[in-house]
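Each chain, letter by letter, is given below.
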Amino acid sequence: MSPSASAGFVADGVRLTNLDKVLWPSDGTTKGQLVAYYASVARALLPHLRGRPLVVTRYPEGIGRPGFYQKRPPPGTPPWVRTFASEREGRPPVRYVVCDDEATLVWLANLAAIELHPWAAPCARPACPDFALVDLDPMPPATFDDAREVALVLGDHFRRLGVAAFLKTSGARGLHIYLPIEPGPDHREVTLAVRRLATLVRRAWPEKVTLERARARRAGRVYVDYLQNQRGHTLCAPYSLRARPGAPASCPVAWGELTRLRPADFTIRTVPRRLAVAGDPWADILRCRQPLPALDRARLFA
Amino acid sequence: MRVLWKGAVSFGLVHIPIRLGPATVDRAVRFRQLHARDHTPIRYRKECPACGETVGDDEIVRGFEFSPGEFVVVRDEDLERLPLPTRRTIEVLDFVRQDEVDPIYYERPYRLEPAEGGERPYALLVRTLERTGKVGLSRLALRQRERLGLLRVYRGFLLLETLHRPEDLLAAEAGEARAQLPEPDPRELEVAEELVSRLSVPFDPSRYRDRYQAALRELVEQKVSGREIVLPAPVEEAPPQDLLAALRESVRRIEEGRALAGRTG
């Protein structure tokens, strides 16, 4: 689809509007390109969204203006869009959009939903995440290179433990590691397991790694955010774009690429071709399941 | 004294520089709210129920609800145009006898101390109020509101008591006469008065302890000394040494690689 496709274009039964609207002002990237991007990565992306409550970040006026988080289906949501009511004790349920198919993905892109943040837990088992998440966020003046070094250490660690771990760029400053787990442990247990892991790495490399929640006290180090494993917290999906200059994507990479990759190379312009040529390094993640205790070195090495 | 603000008391041509601070303190045991699961202190987040977004302070305006669900917006600029008495001045309007002021009007006491250059006029006002038995009714601006205050002497200090406005008193609605009560039996009255006089003592509030607060404090102290302490995440656990050693080896290799790259590149 060319960015010049004008209002009234219909894809998958979704009416597309204002495709020429510039969402990334620094390089003129338009909403048409956003829709085209998500359509072209849908095959790799949709398995990570399907059946999961989704939070999106919308930038109808482009990333130069404030965007907003949206979980509830907005007014005018087509009847065929699946939704999920998240029940919470003592509170009214919150309705989420669930992106099960390409039509919903295109509809979201047309709403200028740049960032896609699915839950780690599926609608069918909202209390049981499918992944333990390790979010490596270098706090300035620390840079991506610092996150890379911590990821290299973690990569060694997972290899030693025989744990399957999947790596992607965050699309911002850092890196995300996903550890697929057999469903069972709740958010708290997963959070605690990742906290143990983070504590261990901090012990091994205190001048590089921090678990401080106070921003001021973690400057210059890589913040290992194990709290992203809590209920209702999310990381952006693999292949989700980010609302940052250059339209970067959170891109799955092979561990072998880590020493050389440059995160700025993965953008709305490059990722579809990379996916078509080199394939998806995360193709197997949803088939891979391992017991959470495998992360818990206390049981392995007691 | 913790100084809340510096300003002046003024009446007629007299101008007394003062510092104002609290005259009372609340020593009740205070609790914080923790997440029951992981004992992290919770925070409040303002959320818009319509869009579900968290709302920042710069995105909030004042609304006056003139009928249910209907608002007018009042902005800072609107308020700046309103007349307020000179800030930080306690302007004495009139002097009245202290026993004319029923304690129901008293709201909160603040202590005044003379600021530089204020000692002599301060002392003069203290002595004058003591000798005349009068108190000064004053106007002041406190927390964006115009308040009525009462200047009085307590142990040689000036106290400023903020006062409720007459229209704020619920105990005597406007125009309401004395409460209508049945006339007691004279003999019962005599016995009751006798009982009161036998129980009469000099006023000494320190004799009356807050037994609930004392028990609460004891409970907390017991929990603290009994190590019944909960810690918010993260709690340090001793990691197994073999894994830690392996990780340190990884770290060493990376740091070494970086040093080599630095030399060659």
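What counts as what
- Residues numbered from 1 in each chain as written.
- Chains lettered and ligands numbered in written order.
- Predicted model: local features only at pLDDT ≥ 70, side-chain atom pairs only at ≥ 80, totals over all residues.
- Heavy atoms only, no water.
- Helix = DSSP H or I, 4+ residues; strand = E, 2+ residues; numbered from the N terminus.
- Buried < 20%, exposed > 50% of the residue type's maximum accessible area, 1.4 Å probe, protein only.
- Contact = heavy atoms within 4.5 Å.
- Areas by Shrake-Rupley, 256 points an atom, 1.4 Å probe, with all protein chains shown as cover.
- Buried area = accessible area lost by both parts, 1.4 Å probe.
- Polar contact = N/O pair within 3.5 Å; in protein donor to acceptor, adjacent residues only side chain to side chain.
- Expected span 1.5 Å × (residues − 1).
- Phe/Tyr/Trp six-rings, centres within 6.5 Å; stacked < 30°, edge-to-face > 60°.

(A) Focus on the overall build of chain B. A tally of helices and strands in chain B yields five helices and nine strands. Taken from N to C terminus, the helices and strands of chain B fall in the order β-β-β-β-α-β-β-α-β-β-β-α-α-α. By the burial criterion, 22% of the 265 residues in chain B qualify as buried. Residue pairs in contact within chain B that sit at least 24 positions apart in sequence constitute 61% of those at least 6 positions apart. Here chain B has roughly 20600 Å² of accessible surface; of this, 53% comes from carbon and sulfur atoms.

(B) Main features of the interface of chain A and chain B. Each partner contributes residues to the interface: chain A has 27 residues there, and chain B has 25 residues. At the boundary of chain A with chain B, total buried surface from both sides reaches about 2600 Å², with 54% on carbon and sulfur atoms. Here chain A and chain B share four residue pairs in polar contact (both at pLDDT 80 or more) between them. Contributions of two or more residues to the side of chain A that touches chain B are made by strand S6 (68–70), helix H3 (144–161), helix H4 (187–204) and helix H6 (297–301) of chain A.

(C) Structural detail: the environment of Gly156 of chain B. All names here are of chain B. In this fold, Gly156 is placed in the loop between strand S8 (145–154) and strand S9 (157–163). Along the backbone, Gly156 and Ala123 are 33 residues apart, and their C-alpha atoms lie at a distance of 8.6 Å. Here Gly156 is in contact with Tyr122, Val126 and Glu130, once residues within four sequence places are set aside.

(D) Local environment of helix H1 (residues 31–49) of chain A. Residue and element names in this part refer to chain A. Taking 1.5 Å per residue as the helical rise, H1 with its 19 residues ought to reach 27 Å, whereas the 21 Å between its terminal C-alpha atoms falls clearly short. Between the side-chain oxygen of the N-cap and the backbone nitrogen of Gly32 there are 3.4 Å, and the N-cap of H1 in question is Thr30. Residue Gly51 follows H1 closely and has a positive phi angle near 75°.

(E) View of the side chain of Arg147 of chain B. Looking at the element boundaries, Arg147 of chain B is found in strand S8. When near neighbours in sequence (up to four residues on either side) are disregarded, Arg147 of chain B contacts Glu107, Ser138, Arg139, Leu140, Leu142, Thr162, Leu163 and Arg165 of chain B.

(F) Inspection of the packing of aromatic side chains at higher detail. Scanning all chains against the criterion turns up six aromatic pairs over all chains. Measuring from ring centre to ring centre gives 5.2 Å for Tyr37 of chain A and Tyr38 of chain A, while their planes differ by 70°; the resulting arrangement is edge-to-face. Overall, the relative accessible area of 2% leaves Tyr37 of chain A in the buried class. Centre to centre, the rings of Phe11 of chain B and Phe95 of chain B are 5.7 Å apart; their planes meet at 80°, and the pair counts as edge-to-face. Pair noted here: Phe11 of chain B is in strand S1 (residues 5–11) and Phe95 of chain B is in strand S5 (residues 89–97), with a separation of 84 residues, a long-range link. You can call Phe95 of chain B partly exposed: its relative accessible area is 38%.

(G) Spatial organisation of the environment of Val98 of chain A. Residue and element names in this part refer to chain A. Mapped onto the elements of the fold, Val98 is located in strand S8 (residues 91–98). For Val98, a relative accessible area of 0% puts it in the buried group. When the C-alpha positions of Val98 and Leu49 are compared, they lie 7.3 Å apart, and in sequence the two are 49 residues distant. When neighbours within four sequence positions are excluded, Val98 is seen to be in contact with Gly51, Arg52, Pro53, Arg82, Thr83, Phe84, Thr104 and Cys123.

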